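Structure at a glance
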Amino acid sequence: MALTPPSLSKPIFSTKPSSQTPLFSLPATQRIKSRPFAIRNSASVAAAASSPSPIAASKAASAKVKNIKARQIVDSRGNPTVEVDLITEDDSLYRSAVPSGASTGIYEALELRDGDKSVFGGKGVLNAVHNINSLLAPKLIGIDIRNQKDVDAVMMEIDGTPNKSKLGANAILGVSLSVCRAGAGAKGVPLYKHIQEISNTKELVMPVPAFNVINGGSHAGNNLAMQEFMILPVGANSFSEAFRMGSEVYHILKGIIKAKYGQDACNVGDEGGFAPNVQDNREGLVLLMDAIEKAGYTGKIKIGMDVAASEFLTKEGNYDLNFKKQPNDGSHVLTPESLANLYREFVRDFPIVSIEDPFDQDDWTSWSSLQSSVDIQIVGDDLLVTNPKKIAEAIHKKACNALLLKVNQIGTVTESIQAALDSKAAGWGVMVSHRSGETEDNFIADLSVGLASGQIKTGAPCRSERLAKYNQLLRIEEELGNVRYAGEAFRSP
């Protein structure tokens, strides 16, 4: 059957639920019957919204939840995750899927897993699915999905715990994402425009992509301690040009790695980056510089790093850059100050503009010391876990100057937006981010534009679950036409 193109304002994964036999069936009362769904592109939706007809007004007035159904699907790492279908009273379907991280901060909201080792190694999410279908859905029937804060508040009240451990952050987030999509659909605007409105963001801005092209740390089996080596095309004039520049460097880097380390080194990791058998972190940076120069983008493409230092913290409070080899002779163990000096050397010798998680999430003194001594972006991920309370603490201690925004760390769209607003109010940068376990869900693309975050990290220009976000950004830029690209101003767009 021929289908019209999916709309940006209703970015669902398919036009109707699958007719195949599901892996996990639900009672008949919780099933959603297959039906065709009318899909319009977001340009026509936005045009209709500017001069609403009586029919459109009627549809907007009935912007309430008719049904919610969750299911267990599988993410890009082959692990179960939660998917949520939300049906409004006009029979529109809004579908969202929840991401999952590999290197996770200890202060993140709780991702509820089943724990039955005989099924998916204990990583099943059927309890989270049950919590949506049996506990959340009945309470949300009839609620107005245009009021994101109200819906999220209801879910948090039902959960009643500080880290969403009763229902699971993955359960609450799945519903919250679908509510946000449905809110955009009810208003007849693209998702990014709806996010702009509910966050009171003044201007839509296309973000600088931070492509993770070399993997280390917990994402790779090589000797690299530091987790991600990224390229940021800040010298581009548009997002589409930035994407092209990043893709070209990625392919040139592949050729360099193949020639130096062999074909096996070109296999990609969870996020699409290469994992060559690099012996130290400086060598990884040199590889990036070689690829950037060979592509002809010296000066136009900068470098970012995600160290994920909590992964190699020792019991003594030091940092073992050879942590993947145990036992080892301890020759690569650095004190916090020695590690800070290494970062300063990197900043001096390479065009590094951003370092994420340079120290452990509880090593506040080291964070503050580095932050005060360098003039680059210091990003808090495990340190902040997208939590407004942790952000307030970091602002007070002057520990970093940028937030890594991951919606599943906090568990609702409302709290994610508040985290971004608090960070911006402090003069920080905001980098919207994916997780290592992703799906074809492209919500964060619209989020980065709607919040005018100025930067987004969602892997290499490789693997469909990463490209789903980048391709959505290409569509958004095309649709908006004359829209500003953050470029060199990515920290304060």
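Residues numbered from 1 in each chain as written. Predicted model: local features only at pLDDT ≥ 70, side-chain atom pairs only at ≥ 80, totals over all residues. Heavy atoms only, no water.

**A short note on the packing of helix α9 (residues 336–349) against helix α10 (residues 364–371)**
The condition that has to hold: Axes, fitted as lines to C-alpha atoms, cover a helix only where it is in contact. Angles between the N-to-C directions of the axes lie from 0 to 180 degrees. A run of H or I in DSSP becomes a helix once it reaches four residues, and a run of E becomes a strand once it reaches two; helices and strands are each numbered from the N terminus. Reported orientations rely on four angle classes, namely roughly parallel under 35 degrees, roughly antiparallel over 145, roughly perpendicular from 65 to 115, and oblique for the rest. Crossing handedness is defined as follows: a turn of the near helix away from the far one that is anticlockwise and smaller than a right angle gives a left-handed crossing, while the clockwise case is right-handed. Two residues qualify as a contact provided that any one of their heavy atoms is within 4.5 Å of a heavy atom in the partner residue.
One can describe the packing of α9 onto α10 by two numbers: an axis separation of 10 Å at closest approach and a directional angle of 30°. By the criterion of interaxial angle, the relationship of α9 to α10 is roughly parallel. Classified by chirality, the crossing of α10 by α9 is right-handed. Each of Pro336, Glu337, Ala340, Tyr343 and Arg344 in α9 lies in contact with α10, whose residues at this interface are Ser366, Ser369 and Leu370.

**So, the environment of Arg95**
Here is the rule we go by: In protein, a polar contact means a hydrogen-donor-capable atom and an acceptor-capable atom, both N or O and within 3.5 Å, with residues adjacent in sequence counting only if both atoms are side-chain atoms; elsewhere, any N or O pair within 3.5 Å suffices.
With respect to the helices and strands, the residue Arg95 is situated in strand β3 (residues 93–97). A polar contact is formed between the side chain of Arg95 and the side chain of Asp85, at a distance of 2.6 Å.

**Looking at the packing of aromatic side chains**
Definition in use: Any two rings among Phe, Tyr and Trp, with Trp reduced to its six-membered ring, count as a pair given centres within 6.5 Å; such a pair is stacked if its planes are under 30 degrees apart, edge-to-face if over 60, and tilted if neither. Either the NZ atom of lysine or the CZ atom of arginine qualifies as a charge over a ring when it sits within 6 Å of the ring centre and within 35 degrees of the ring normal.
Counted by the stated rule, this structure contains 10 aromatic pairs. Note on Tyr343 and Phe359: the rings are 5.7 Å apart at their centroids and 80° apart in plane angle, and the pair reads as edge-to-face. Linking Tyr343 in helix α9 with Phe359 in the loop between β11 (352–356) and α10, this pair joins segments that are 16 residues apart in sequence. Three or more aromatic residues joined by ring pairs make a cluster, and in this case those are Phe312, Tyr319, Phe323, Tyr343 and Phe359. One residue, Lys390, lies across the ring of Tyr107, its end atom 4.0 Å from the ring centre. Against the face of Trp364 rests Lys397, its NZ or CZ located 4.4 Å from the ring centre.

**A short note on the sheet that holds strand β7 (residues 228–232)**
Let me state the cut-off plainly: A strand pair is defined by DSSP finding two or more bridges across the two strands.
Spatially, the nine strands line up as an open sheet ordered β5-β15-β14-β13-β12-β11-β8-β7-β6, and their pairing is mixed. Among the strands making up the open sheet, the edge pair consists of β5 (208–209) and β6 (211–215). Strand direction decides the pairing type here: β7 and strand β8 (residues 302–306), joined by five bridges, are antiparallel. Residue pairing for β8: Met230 is matched across the bridge by Gly304.

**Examining the nonpolar core**
Our working rule: The set of buried Ala, Val, Leu, Ile, Met, Phe, Trp, Tyr and Cys residues whose side-chain atoms join them within 4.5 Å is what this entry labels a nonpolar core. Only protein chains enter the accessibility calculation, which uses a 1.4 Å probe; a residue whose area is less than 20% of its type maximum is buried, one above 50% is exposed, and one in between is partly exposed.
The biggest cluster of nonpolar side chains holds 135 residues, and the ones touching the most others in it are Met226 and Leu339. Element by element, the count of residues in this core is highest for helix α5 (residues 169–187), at 10 residues. When residues no more than four places from it in sequence are discounted, the contact partners of Met226 are Gly216, Gly217, Asn281, Met305, Asp306, Val307, Leu321, Leu339, Leu342, Tyr343 and Phe346.

**Quick look at the pairing of β11**
Quick reminder of the rule: The handedness rule is simple: strands pointing away from the viewer, and a clockwise path from the first strand over the helix to the second, make the crossover right-handed.
Of all five residues that make up β11, five are buried, and the element is covered over most of its length. One ladder, built from four bridges, connects β8 with β11; its direction is parallel. By the bridge assignment for β11, Met305 is matched with Ile355. With three bridges connecting them, β11 and strand β12 (residues 377–380) associate as parallel partners. Considered in β12, the bridge of Ser354 is made with Gln377. Of the crossover connections in this fold, the one passing from β11 over α10 to the parallel β12 is right-handed.

**Thoughts on the pattern of salt bridges**
Convention followed: The salt bridge criterion pairs a side-chain nitrogen of Lys or Arg with a carboxyl oxygen of Asp or Glu, the two atoms within 4 Å.
In this structure the tally under the stated criterion is 26 salt bridges. One salt bridge in this structure joins Glu83 and Arg95, with 3.9 Å as the shortest N-O distance. Of this pair, Glu83 sits in strand β2 (residues 80–88) while Arg95 sits in strand β3; the two residues are 12 residues apart in sequence, bridging distant segments of the chain. We note that Glu83, like Arg95, is buried.

**Section: the confidence of the model for the chain**
Caution applies to low-pLDDT regions: their predicted coordinates should not be interpreted in detail. Under the convention used in this document: Looking at any residue, its pLDDT shows the predictor's confidence there, from 0 to 100.
In the predicted model, the chain carries a mean pLDDT of 89, and the fraction of residues at 70 or more is 87%. Below a pLDDT of 50 lies the segment residues 1–61, which in the model reaches 95 contacts outside its immediate sequence neighbourhood of four places, other chains included.

**Points about helix α3 (residues 126–140)**
As a reminder, the rule being used: Expected span of a helix, by definition, is 1.5 Å for each gap between consecutive residues, and there is one gap fewer than residues. Fitting axes to the seven residues that end at a residue and to the seven that start at it, the angle between those axes gives the bend at that residue.
End to end, α3 covers 20 Å across 15 residues, agreeing with the expected 21 Å (1.5 Å per residue, within 8%). Considering bend angle alone, the principal kink of α3 is centred on Ile132 and spans about 30°. Those residues of α3 hidden inside the fold are in contact with β1 (65–74), β2, α4 (148–159) and α5. Directly beyond the C-terminal end of α3, a positive phi value near 90° is found at Gly142.

**A short note on α10**
For the record, the criterion: What the arc describes is the spread of directions from the helix axis to the C-beta atoms.
Among all positions of α10, only Trp364, Ser366, Trp367, Leu370 and Gln371 are buried. The buried residues of α10 all sit within an arc of 165° when viewed along its axis, so they share a single face. Here the buried face of α10 lies against α9, β12 and α11 (388–397).

**Considerations on the sheet that holds β1**
With respect to topology, three strands assemble into an open sheet ordered β1-β2-β3, the strand pairing being antiparallel. Bordering the open sheet on either side are β1 and β3, each of which pairs with just one other strand. Averaged over all adjacent pairs, the angle separating strand axes in this sheet is 20°, with direction ignored. Note: β1 against β2, nine bridges, orientation antiparallel. In the strand pairing of β2, Gln72 is matched with Val82.

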